[in-house]
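Residue-level listing of the chains:
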Amino acid sequence: ADSKRALLLWTSVRAQSLAFKGSVFVHAANPGRVDTRLGLYWVHPWAFWLSKPVRALAYATLSEGALNVAAPGLHQQAAGKFGHYSGGEKMLEDLVIWRMPDKQLAVHLVRWATSATALEARSGGRPLSETGRPLSLTDLAGPGPEMQEDKWSTPERRWAHAD
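What you see is a predicted model, and the numbers here were worked out from it, not measured in a lab.

The full count for this structure, using the stated rule, is 1 aromatic pair. Just above the ring of Phe 48 sits the side chain of Arg 55; from NZ or CZ to the centre is 3.9 Å.

Below, the structure is given as structure tokens:
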């Protein structure tokens, strides 16, 4: 429940900013109850296959779940509106309006996620360091002549470069 709330809060803030800045329209979608074969390895194979008729009535297939997720983006209004949370063809919530009381938490969540994932740097195409932080221009330029590695300082290095 918390991860779903975080995703919807992130979508509510980013949908508005991306629509105004870059004409990118963001929506969230729920595939519904889908038979993902999650219990296949937890129960006996015969019990799993005997439950197939019940699962066929209670759950959607994988392709139906995928269509439920894709449907909101294929609507005519998908490129004119932003921030909708849909379940298949039905709009469940307008995230920008209905999540307004949680806007402060949502903005805090987006700031944290942006700093934790270096999202802005990645979208700008800047390379990242080993720690995941964006490299500065001085990092990209490399070490200066005084910072060059001394290749003759140890016997192993002298032998490696003797050729």
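Let us now look at the packing of helix H1 (residues 2–22) against helix H6 (residues 103–117). Contact geometry of H1 with H6 gives a least axis separation of 9 Å together with a crossing angle of 90 degrees. Between H1 and H6, the interaxial angle falls into the category roughly perpendicular. Two secondary-structure elements touch here, H1 through Arg 5, Ala 6, Leu 9, Trp 10, Ser 12, Val 13, Arg 14 and Gln 16 and H6 through Lys 103, Leu 105, Ala 106, Val 107, Leu 109, Val 110 and Ala 113. Here the contact of H1 with H6 is composed, by residue class, of 10 nonpolar, 2 polar and 3 charged.

Right, let's talk about the pattern of salt bridges for a bit. For the structure shown, the criterion picks out 1 salt bridge. As a salt-bridge pair, Arg 55 and Asp 35 come within 2.7 Å of each other at their nearest N and O atoms. Taken as a pair, Arg 55 in helix H3 (residues 52–58) and Asp 35 in the loop between strand E1 (28–30) and helix H2 (45–50) lie far apart in primary sequence, 20 residues in all. Pair check on accessibility: Arg 55 and Asp 35 agree, each one buried.

Rules and cut-offs
- Residues numbered from 1 in each chain as written.
- Predicted model: local features only at pLDDT ≥ 70, side-chain atom pairs only at ≥ 80, totals over all residues.
- Heavy atoms only, no water.
- Phe/Tyr/Trp six-rings, centres within 6.5 Å; stacked < 30°, edge-to-face > 60°.
- Lys NZ or Arg CZ within 6 Å of the ring centre and 35° of its normal.
- Axes fitted to C-alpha atoms, helices over the stretch in contact; angles between N-to-C directions.
- Helix = DSSP H or I, 4+ residues; strand = E, 2+ residues; numbered from the N terminus.
- Parallel < 35°, antiparallel > 145°, perpendicular 65-115°, else oblique.
- Contact = heavy atoms within 4.5 Å.
- Nonpolar A, V, L, I, M, F, W, Y, C, P; charged D, E, K, R; others polar.
- Salt bridge = Lys/Arg side-chain N within 4 Å of Asp/Glu carboxyl O.
- Buried < 20%, exposed > 50% of the residue type's maximum accessible area, 1.4 Å probe, protein only.

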